[in-house]
Amino acid sequence: MKTYLSVSGVLLICTAALIISCNPALDVPPLNADPEVPVNMTIAVLKDRYQGYGIFQKIYDDITITGVVTANDQSGNFYKQIVIQDETAAIPVLMDGNNIYTSYPLGRRVFVRLKGMMLGDYGGTIQLGLDSVRDGAYLNLGRIPVAQFDQFIVKGSFGNAIVPSIITPADLTTNIKDPLQSMLVQLEGFEFAARDTSKTYADPAKEVSAVNFTLHDCGQQSIVLRNSSYASFAALKIPGGSGTITGIYSIFNKTQQLFIRDTGDVQFQKPRCGQGPARPMTIGTLRQQYAGSPVALDRYALGGTVISDAGSGNITAGWVVLQSGNSGVMVDLGSVVTYRTGDSVVLNLSNADSLVSHDGLLLLKMHKDFEPPAPIASARMIIPAVRTIQELKAALELPAGDSGNIESTLVTIHQASTAPGFFSGAHILGDGSGVMELYIQEDAVFASGILPSGMQSWTGFGRDSNGIKRFCIRNTGDVTGFTPAVPFAALFSFSGVSDKTGVIDPTPLPAIPNLVITPFKAVGVGDHATAGGRFSFSGWPAGAANGSDVLNGAVDADRYYELTIEPSPGTLLNFFRISFTLRRSGTGVRQVVVRSNRDLFKQNLPVVSEPGNKNIQILPDNILQVSDASVTDNSGCVVIPGTAFIALKEPVTLRFYGFNSESAGGTFSMDDVIISGSVH
């Protein structure tokens with residue numbers, strides 16, 4: 001029995017939304033479960049222990065809290081942190097990493113082990129971090145290093161929802177223990193000041209780090225909206241209407257502030273206070289307006305649900321497919337698209353150029369400087385209509401304005417197959433009724449994948465392309481031959497290694513379902529580790545001299561570190577990324593390469609390093625070179641295995657070769673190796 005507090009509701013994350021909307025019959029196994037982590041404190045009780053402004057408190061008790069992620073760094077408006085919330089309160093957790101949203105997306109439950117962490121505040125907003133850091137006259141919390149993420153934060157299930165609390169500014173206080181502090185809240189009936197409606201969300205030139213706006217409702221209640229100039233939406237124009245705004249509430253030196261996660265939190269689709277609405281129009285009515293020549297549009301509002309976006313690369317950048325009822329239309333938004341499949345949107349057609357035929361496809365073209373409004377809802381589901389290929393082709397032959405033309409609507413074709421090959425390009429898709437072209441653009445993110453064999457169900461939309469009737473899928477989830485992959489990140493911390501342990505890492509191995517992992521071992525070098533807490537050995541090939549970058553040595557095929565990862569029978573293994581920390585002693589190795597058994601350890605795998613690490617260079621032939629002066633940890637050494645490591649049935653053995661050592665006693669040390677990928 002799990003002991004954490006449950007949070008009601010279910011939030012469909014992007015992958016789940018795509019799979020369900022594409023094929024409701026797909027049976028996904030119940031893999032989304034929380035670990036058995038005992039929870040013994042709520043967030044509200046934890047925050048109540050905080051003694052006051054600037055009184056930072058180290059936590060020495062074995063306390064665990066749980067919460068659901070309500071904000072992260074995905075848009076850049078929250079810097080190196082996540083915000084978690086349970087049924088009682090919310091709190092930011094400071095994390096010293098980039099793109100942490102990939103591991104901690106909105107809706108993910110996490111468990112935070114607080115022993116060793118610190119409670120502090122930033123201008124009156126209580127936060128969690130590690131120790132205290134002085135910045136001039138100010139005392140700030142330190143952030144959790146990447147290597148310690150899993151030590152303090154245990155990842156749980158996806159798709160949990162936090163329903164924002166509907167409030168007014170009168171409900172808020174500047175009390176440091178205000179229960180709404182850091183909570184996800186929603187205010188209704190607000191708008192930007194008229195003088196601000198020509199501005200952008202922040203300063204894209206970054207001459208100032210952030211921009212404040214004062215939002216008002218029709219009764220002139222107000223609240224400050226603060227946007228970072230480093231946010232991905234900084235250059236977007238703010239909306240001129242009114243409506244609902246959702247965000248995280250905080251205080252800074254007695255100023256009440258609201259932070260949005262992205263522009264989807266600003267749903268200002270209604271007229272401004274005192275103004276009238278646009279006239280509604282259905283997509284079916286819009287299509288009826290077209291009679292073979294471009295159509296100019298009056299001030300109408302067109303609503304629908306996005307059934308395909310440009311994120312997968314299988315439609316033109318800046319376009320989306322919009323469907324309402326049994327009618328659909330392709331829309332050229334004329335700008336960068338932020339909409340995702342499942343978003344429900346309303347477009348003011350006074351911002352449209354015209355309705356035209358684009359190489360046979362009916363296309364609604366918006367002005368090139370049109371700013372797409374935020375969705376009014378997300379995770380909406382359109383159930384695809386079941387059609388044979390013959391029925392779909394016949395419907396696409398009808399005039400664009402005919403109600404029977406189902407171009408740009410979601411369709412499922414059962415029991416259809418195509419010849420083996422890669423997804424990219426044009427293929428012949430056939431069922432018992434006929435054949436048509438299956439088309440995937442070469443720059444689609446799944447173009448390099450392999451088409452499934454045999455009869456499958458295919459979900460997508462039909463379109464005309466210069467008289468060719470095409471069927472377009474959005475991603476591999478549109479084909480029943482694919483099952484969702486379960487991501488993993490295997491951490492090798494070497495915490496059990498000491499200068500008395502031998503050539504095999506004694507540290508307990510990461511437990512990954514459907515994978516068999518062998519421990520790291522050292523081959524051909526010293527017979528025992530030279531340090532504790534990392535995998536460090538001497539005895540590497542020489543070829544370097546102290547103080548010189550003239551390197552004459554080469555890889556010795558018989559001296560390396562090695563581990564093997566094997567998928568269980570019937571499981572496919574995908575490798576995405578291998579990262580590790582590299583260290584050398586004062587006379588240690590200067591160069592490192594990584595190879596695998598996929599080509600009998602002949603070629604070096606592609607490597608990169610994190611920007612800003614001046615001690616690591618990437619040389620031709622994918623060689624990692626360490627600065628002669630560097631004798632401390634160099635994190636951010638990364639291997640990108642590539643497409644040869646996708647859908648593997650057989651074991652993968654990785655070898656890390658150190659060479660060009662300055663002496664036989666020089667060491668090559670690895671630590672915090674993280675191998676990420678997926679199994680399905």
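In what follows, the structure referred to is the one given above.
Report follows, based on the coordinates.

Criteria and cut-off values
- Along each chain, the written sequence defines residue order, and numbers are assigned to residues from 1.
- Selection of residues for local features in this predicted model requires a pLDDT of at least 70, selection of side-chain atom pairs for listing and counting requires 80 or more, and totals for whole chains, interfaces and linings are taken over all residues.
- Working from all heavy atoms in the structure, the side-chain values ignore hydrogens and water.
- A run of H or I in DSSP counts as a helix once it spans at least four residues, and a run of E counts as a strand once it spans at least two, with each numbered from the N terminus.
- Restricting the calculation to C-alpha atoms gives the radius of gyration, and the globule rule supplies 2.2 Å times the number of residues raised to the power 0.38.
- Buried means the residue's accessible area, taken with a 1.4 Å probe over protein chains only, is under 20% of the maximum for its type, while exposed means over 50%, and partly exposed covers the values in between.
- Should any heavy atoms of two residues lie within 4.5 Å, those residues are counted as being in contact.
- Areas reported as accessible are Shrake-Rupley estimates using a 1.4 Å probe. Residue values count occlusion only from the protein chains shown.
- Between any two strands, at least two bridges found by DSSP are needed for them to pair.
- Each direction from the helix axis to a C-beta atom contributes to the arc, which is the arc of those directions.
- By nonpolar core is meant a set of buried Ala, Val, Leu, Ile, Met, Phe, Trp, Tyr and Cys residues that side-chain atoms within 4.5 Å join together.
- Polar contacts here mean pairs of N or O atoms no more than 3.5 Å apart (in protein, one a potential hydrogen donor and the other a potential acceptor; neighbouring residues in sequence count only if both atoms are side-chain atoms).

**Some details on the overall build of the chain**
Part 1 of the argument: Of regular secondary structure, the chain possesses 5 helices and 43 strands.
Part 2 of the argument: The C-alpha radius of gyration of the chain comes to 28 Å, within 12% of the 26 Å expected for a compact globule of 680 residues.
Part 3 of the argument: Along the longest, intermediate and shortest principal axes, the C-alpha atoms of the chain span 80 × 65 × 55 Å.
Part 4 of the argument: For the chain, the proportion of its 680 residues judged to be buried stands at 51%.
Part 5 of the argument: Considering only residue pairs separated by 6 or more positions, the chain has 70% of its internal contacts joining residues 24 or more positions apart.
Part 6 of the argument: For the chain, the exposed surface amounts to about 29200 Å²; the carbon and sulfur share of it is 52%.

**Comments concerning unusual backbone geometry**
Part 1 of the argument: Positive phi, normally seen in glycine, also occurs at Ser182, with a value near 70°.
Part 2 of the argument: Note that Ser182 resides in the loop between strand 11 (165-166) and strand 12 (184-192).

**Some details on the sheet that holds strand 25 (residues 385-386)**
Part 1 of the argument: The strand order across the open sheet formed by 6 strands is 25-26-29-30-28-27, and the pairing between neighbours is mixed. Each edge of the open sheet carries a strand with a single partner, namely strand 25 and strand 27 (425-431).
Part 2 of the argument: With 7 bridges joining them, strand 27 and strand 28 (residues 434-440) adopt antiparallel strand pairing. Along strand 28, the bridge assignment pairs Leu429 with Met436.

**Examining helix 5 (residues 389-397)**
Part 1 of the argument: Along helix 5, the residues that are buried comprise Ile389, Leu392, Ala395 and Leu396. The arc that holds every buried residue of helix 5, seen down its axis, measures 130°, which confines them to one face. Looking at helix 5, the residues exposed on the side facing more than 90 degrees away from the buried face are Gln390 and Glu397.
Part 2 of the argument: The inward-facing, buried residues of helix 5 contact strand 26 (410-416), strand 27, strand 28, strand 29 (456-465) and strand 30 (468-472).

**A few points about the nonpolar core**
Part 1 of the argument: In terms of nonpolar packing, the biggest core is built from 43 residues, with Phe520, Tyr561, Phe656 and Ile675 touching the most fellow members.
Part 2 of the argument: Once residues lying within four places of it in the same chain are set aside, the contact partners of Phe520 are Phe492, Phe494, Val503, Ile504, Asp505, Phe535, Tyr561, Glu562, Leu563, Phe656, Met670 and Val673.
Part 3 of the argument: Membership of the second largest hydrophobic core comes to 35 residues, among which are Leu172, Val185, Ile238 and Phe259.

**Details of the side chain of Thr418**
Part 1 of the argument: Assignment of secondary structure puts Thr418 in the loop between strand 26 and strand 27.
Part 2 of the argument: One polar contact links the side chain of Thr418 to the main-chain carbonyl oxygen of Ile428, over a distance of 2.9 Å.
Part 3 of the argument: Contacts of Thr418, omitting those with residues within four sequence positions, involve His427, Ile428, Leu429, Leu451 and Trp458.

**Things to note about the side chain of Thr667**
Part 1 of the argument: Among the secondary structure elements, Thr667 is positioned in strand 43 (residues 667-679).
Part 2 of the argument: Relative accessible area serves as the criterion here: at 11%, Thr667 is assigned to the buried category.
Part 3 of the argument: Leave out the neighbours within four places in its chain, and Thr667 touches Thr530, Ser536, Phe537, Ser538, Trp540, Arg583, Arg584, Ser585, Gly588 and Val589.

**Quick look at the pairing of strand 24 (residues 361-366)**
Part 1 of the argument: Judged by how many residues are buried, strand 24 sits mostly within the fold: 5 of 6 residues are covered.
Part 2 of the argument: Two strands pair when backbone bridges link them, and strand 21 (residues 327-332) and strand 24 are joined in this way by 3 bridges, in the parallel orientation. Within the sheet, the bridge partner assigned to Val331 lies in strand 24 and is Leu364.
Part 3 of the argument: Strand direction decides the pairing type here: strand 23 (residues 352-358) and strand 24, joined by 6 bridges, are antiparallel. By the bridge assignment for strand 24, Ala352 is matched with Met366.

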